[in-house]
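# A closer look at the structure
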Amino acid sequence: MSQVSVEIPPGYQKVFGRPRALSDAPYTYCPGCHHGIIGRLIAEAIDELGIQGRTVGIAPVGCSVFLYRFYRCDFIQAAHGRACAVATGLKRANPDLIVFSYQGDGDLAAIGTAETVHAAARGENFTVIFVNNQIYGMTGGEMAPTTLPGQRTVTTPQGRDVALTGYPLKISEMLAQLDAPAYITRQSVHDARHVQLARKAILKAFRNQLEGKGFSLVEVLATCPTNFRMPPVEAQKWVTEKAMQFFPLGDLKVRDE
Amino acid sequence: MSRVLMRGNEAIAEAAIRAGLKCYFCYPITPQGELVEYMARELPKRGGVFLQAESEVAAINMVYGAAAAGVRTMTSSSSPGISLKQEGISYLAGSRLPCVIVNMMRGGPGLGNIAPAQGDYFQATKGGGHGDYRLIVLAPSTVPEAAQLVMLAFDLADKYRVPAMILGDGMLGQMMEPVELPPPVDPSSIPEKPWALTGAEGREPNVILSFDLSPQGLREMNRVLQDTYREIERSEVRWEEVETADAEIVLVAYGTMGRIAKTVVERAREEGIKAGLLRPITLWPFPYEPLRELAERVPTILTVELSAGQMWEDVRLAVEGRAKTPFYGELGGVVPTPREILSEVKKHVSS
Ligand SMILES: Cc1ncc(C[n+]2csc(CCOP(=O)(O)OP(=O)(O)O)c2C)c(N)n1
Ligand code: SF4
């Protein structure tokens with residue numbers, strides 16, 4: 001696919017277009033998946049702050065493993081769960097870089113819990129975008145650490161039984177207890193208003209890094225229509241009616257100084 | 001050159017700093033504690049980053065990030081910790097990121113003990129992590145050689161874009177010897193890294209990956225790795241020979257065991273036994289060719305190791321039946337004395 005340039009007629013103004021930080025590679029996500037919206041919000045933040053030339057992204061293992069294709073900035077792909085350790089290495093080696101990791105719930109809150117918690121506890125000065133879709137997307141819809149009680153997945157075919165597998169991990173609440181993090185927030189992208197709120201949160205998380213404030217994490221509730229086995233609209237309802245009961249939206253920690 | 005008395009662990013740390021080390025990540029484990037302590041004390045003073053990670057898994061992934069940023073980076077550990085680093089090492093190899101990993105081996109398997117051992121030879125030289133990859137593995141037998149090989153490890157890692165490992169053991173780490181430390185490298189002599197992640201200002205984005213979902217694509221990535229490994233095998237084999245010219249029996253031993261074997265050769269010669277030693281310095285690439293040549297004229301090649309016979313497999317691959325290949329090893333961190341090895345030597349020579 002190549003970018004189509006349209007000439008703007010006299011008297012008109014371009015008010016909306018593809019963010020410069022986004023490449024013209026087509027998304028590899030399923031239709032109706034929220035990964036695409038969140039990815040775009042990151043590109044908008046990069047554009048707004050004018051940091052494309054010094055940004056390094058970290059792609060996780062998961063449905064966003066191809067993230068590097070979608071941006072016009074340097075990228076590295078990390079082992080499953082290790083993005084926060086890789087980000088630590090990059091940022092410590094070159095503090096002038098703007099480093100962000102993009103991770104699913106399996107990546108960040110199961111296999112990578114230790115790396116996430118300790119990077120936050122150290123107050124590492126980078127930005128984490130945490131996509132909580134309550135399921136393992138890429139491997140075919142298994143239980144995630146964020147899967148809701150009663151939720152059916154391929155590894156909880158009768159619904160998640162809390163007596164057997166416990167309760168969802170509220171990692172953002174956990175991280176908010178730590179002294180070091182600058183900003184921990186939970187957002188959603190299920191409607192236009194919330195997309196704008198999520199956009200602001202992501203911008204703030206990047207700005208914090210520019211200002212040297214330290215660890216900032218934006219959790220975004222998301223859908224996985226494919227593995228929820230629901231049409232996208234129904235999947236959105238799942239987020240607002242079910243997921244938000246367990247994962248209320250809002251800022252969990254804001255350290256302003 | 002400055003001549004100082006140092007422990008192996010400290011000499012390795014100091015040599016790494018002189019090699020231009022910028023970022024060191026670790027998780028404490030015996031018997032390499034002095035290396036960690038030295039780095040904590042010295043590296044920040046000299047413009048580098050010292051960071052104690054939450055685990056070996058995190059430490060090696062921090063190395064992955066720092067290597068991608070284009071700086072000289074290192075981690076060190078001992079056997080159980082090196083097991084945890086294997087996933088990260090496989091990613092480093094797959095993504096062609098240079099770094100140095102120090103393994104001061106201890107007794108295993110499992111928690112084992114903290115005594116010197118050589119049970120991680122397979123892990124170091126045959127892969128360890130998943131996939132078709134190799135590490136350059138350097139095995140110092142003295143403290144001065146350790147310092148020298150650390151500097152070499154950084155150069156080779158950068159030259160070939162591969163991770164390099166220093167494979168020592170607890171004895172080398174604790175031993176004190178006078179060392180002539182080479183002067184610090186001139187940073188401008190370190191090769192440019194145009195592939196590094198420095199921000200895409202004014203150029204196309206750089207991307208560092210160890211994956212390609214298309215089999216053809218991944219085959220190409222693997223071919224690049226294999227071509228690099230063949231080049232290393234042609235150019236970087238290092239070994240030392242002692243008294244092999246007229247030898248009737250040649251010992252093959254590396255690291256701490258190589259040092260003890262040297263004493264055995266001296267004592268054997270005093271008793272009129274024509275013994276010699278081949279000491280591999282690079283365990284990968286292994287000195288197959290020099291050993292093969294020796295096997296053409298030496299009737300017995302005796303492998304001596306602090307393991308159940310891991311390097312012994314490579315020795316037999318090199319010799320291919322041209323000579324007898326007996327084995328003498330110790331297990332669990334027990335280090336045989338020169339006298340014990342000498343009596344083994346005597347079993348294999350006609351008097
Ligand atoms: C060490 C390791 N274990 C398991 C996997 C298989 N795996 C790939 S993606 C994934 C789960 C991803 O789920 P999540 O992080 O929630 O991201 P999503 O795909 O939902 O975006 C797993 C288990 C792997 N690649 N590596
Ligand atoms: S499997 Fe789910 S998370 Fe992955 S791209 Fe499809 S909808 Fe999105």
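Below, the discussion takes up the overall build of chain A. In terms of helices and strands, chain A carries nine helices and seven strands. Against the globule reference of 18 Å for 257 residues, chain A gives a C-alpha radius of gyration of 18 Å, in line with a compact fold. Dimensions of chain A, computed from C-alpha atoms along their principal axes, come out at roughly 65 × 40 × 30 Å. Of all 257 residues assigned to chain A, the portion counted as buried reaches 57%. Long-range contacts, defined here as pairs at least 24 residues apart, represent 70% of the contacts in chain A between residues at least 6 apart. Within the structure as shown, chain A displays about 10,600 Å² of accessible surface, and the carbon and sulfur contribution to it stands at 55%. Computed over 26 positive and 23 negative side-chain charges, the separation of the two mean positions in chain A equals 1 Å.

This paragraph deals with the overall build of chain B. Counting its secondary structure elements, chain B contains 13 helices and 15 strands. In terms of overall dimensions, chain B is globule-like: its C-alpha atoms have a radius of gyration of 20 Å, near the 20 Å expected for 351 residues. A principal-axis box enclosing the C-alpha atoms of chain B has dimensions of 75 × 50 × 40 Å. Long-range pairs, those at least 24 residues apart, make up 79% of the contacts in chain B with a sequence separation of at least 6. Surface summary for chain B: the accessible area is close to 13,600 Å², and the carbon and sulfur share equals 52%. Here chain B carries 36 positive and 44 negative side-chain charges, and the mean point of each set is 1 Å from the other.

Glancing now at the pattern of salt bridges. Between side chains of opposite charge, pairing is possible as soon as their charged atoms come close. Residues and elements named next belong to chain B. Under the definition given, this model contains 37 salt bridges over all chains. Residue glutamate 243 pairs with arginine 269 through a salt bridge whose shortest N-O separation is 3.8 Å. Within this pair, whereas glutamate 243 is found in the loop between strand S10 (239-242) and strand S11 (249-252), its partner arginine 269 is found in helix H10 (residues 255-270), the two being separated by 26 residues in sequence. On the basis of relative accessibility, which here comes to 22%, the residue arginine 269 falls in the partly exposed class.

Take the site of ligand 1 next. Around ligand 1 sit 17 residues, and of these His35, Cys63, Asp105, Asp107 and Gly137 of chain A come closest. Site remark: ligand 1 is flanked by residues from chains A and B. A distance of 2.9 Å separates an oxygen atom of ligand 1 from a polar side-chain atom of histidine 35 of chain A. Note that an oxygen atom of ligand 1 is positioned 2.9 Å from one of the backbone N or O atoms of methionine 138 of chain A. Taking 590 Å² as the accessible area of ligand 1 by itself, protein coverage stands at 76%. Considering every element that reaches the shell around ligand 1, the biggest residue donor is helix H3 (residues 105-111) of chain A, with four residues. In terms of residue class, the shell around ligand 1 is built from six nonpolar, eight polar and three charged.

Let us look at the environment of leucine 283 of chain B. Residue and element names in this part refer to chain B. Tracing the backbone through its elements, the reader meets leucine 283 in strand S13 (residues 282-284). Each C-alpha atom of the pair leucine 283 and alanine 124 lies 8.6 Å from the other, and the pair is 159 residues apart in sequence. With residues near it in sequence (within four places) discarded, leucine 283 still touches Tyr121, Thr125, Val137, Ala139, Leu167 and Tyr254.

What follows deals with unusual backbone geometry. Residue and element names in this part refer to chain B. In the segment running from threonine 30 into proline 31, the intervening peptide bond is cis, with an omega of 10°. With respect to the helices and strands, the residue proline 31 is situated in the loop between strand S2 (23-26) and helix H2 (33-42). For the bond running from tryptophan 284 to proline 285, omega is 0°, close enough to zero to count as cis. Residue glutamate 243 is not a glycine yet carries a positive backbone phi of 50°. The backbone of glutamate 320 shows a phi angle near 45°, a positive value even though the residue is not glycine. The topology assignment puts glutamate 320 in the loop between helix H12 (311-319) and strand S15 (327-329).

All names here are of chain A. Near ligand 2, the surroundings consist of Tyr29, Cys30, Cys33, His35, Cys63, Asn133, Gly137, Cys224, Pro225, Thr226 and Asn227. Per-element tally for the shell around ligand 2: the top contributor is helix H8 (residues 225-228), with three residues. Of the residues that constitute the shell around ligand 2, the class distribution is six nonpolar, five polar and no charged.

Another aspect to go through is the nonpolar core. Counting residues in each nonpolar core, the largest one holds 126 residues, and the members touching the most others are Ile76 and Leu90 of chain A together with Met39, Met74 and Ile301 of chain B. Of the residues forming this core, the biggest block, twelve residues, is contributed by helix H7 (residues 143-160) of chain B. Three or more residues apiece are contributed to this core by two domains, here domain 1 (3-235) and domain 2 (242-350) of chain B. When near neighbours in sequence (up to four residues on either side) are disregarded, methionine 74 of chain B contacts Ile12, Ala16, Leu21, Cys23, Tyr24, Phe25, Leu35, Met39, Val63, Val100, Val102 and Phe154 of chain B. Ranked by size, the runner-up nonpolar core spans 40 residues in total, among them Ala43, Ala59, Phe70 and Phe206 of chain A.

Below, the discussion takes up the domain arrangement of chain B. Residues and elements named next belong to chain B. We note that the domain assignment places domain 1 (3-235) and domain 2 (242-350) within chain B. Here domain 1 and domain 2 have C-alpha centroids that lie 28 Å from each other. Across the contact, 32 residues belong to domain 1 and 24 residues belong to domain 2. Each partner contributes to the roughly 2,400 Å² buried at the junction of domain 1 and domain 2, and carbon and sulfur atoms together form 55% of this total. For the pair domain 1 and domain 2, the number of links is three salt bridges. Its salt-bridge partner being arginine 279, residue glutamate 145 comes within 2.9 Å of it at the nearest N-O pair. Our count for the contact surface shared by domain 1 and domain 2 stands at 16 residue pairs in polar contact (both at pLDDT 80 or more). Mapped by element, the contributors of at least two residues to the side of domain 1 that touches domain 2 are helix H6 (121-125), strand S6 (136-138), H7, strand S7 (163-169), helix H8 (170-174) and helix H9 (215-235). When the residues that make up the side of domain 1 that touches domain 2 are grouped by side-chain class, the tally is 19 nonpolar, six polar and seven charged.

All names here are of chain B. Of all seven residues in S7, seven are buried, a share of seventy percent or more. With burial as the criterion, each face of S7 is covered, one bearing Pro163, Met165, Leu167 and Asp169 and the other bearing Ala164, Ile166 and Gly168. On the question of chirality, the crossover connecting S6 to the parallel S7 by way of H7 is right-handed.

Rules used in this analysis
Residues numbered from 1 in each chain as written. Chains lettered and ligands numbered in written order. Predicted model: local features only at pLDDT ≥ 70, side-chain atom pairs only at ≥ 80, totals over all residues. Heavy atoms only, no water. Helix = DSSP H or I, 4+ residues; strand = E, 2+ residues; numbered from the N terminus. Rg over C-alpha atoms; globule rule 2.2 N^0.38 Å. Buried < 20%, exposed > 50% of the residue type's maximum accessible area, 1.4 Å probe, protein only. Contact = heavy atoms within 4.5 Å. Areas by Shrake-Rupley, 256 points an atom, 1.4 Å probe, with all protein chains shown as cover. Lys, Arg positive; Asp, Glu negative; His and termini not counted. Charge placed at Lys NZ, Arg CZ, Asp CG, Glu CD. Salt bridge = Lys/Arg side-chain N within 4 Å of Asp/Glu carboxyl O. Near = heavy atom within 4 Å. Polar contact = N/O pair within 3.5 Å; in protein donor to acceptor, adjacent residues only side chain to side chain. Nonpolar A, V, L, I, M, F, W, Y, C, P; charged D, E, K, R; others polar. Core = buried A, V, L, I, M, F, W, Y, C linked by side-chain atoms within 4.5 Å. Domains from an automatic or database assignment. Buried area = accessible area lost by both parts, 1.4 Å probe. Right-handed = clockwise from strand over helix to strand, strands pointing away.

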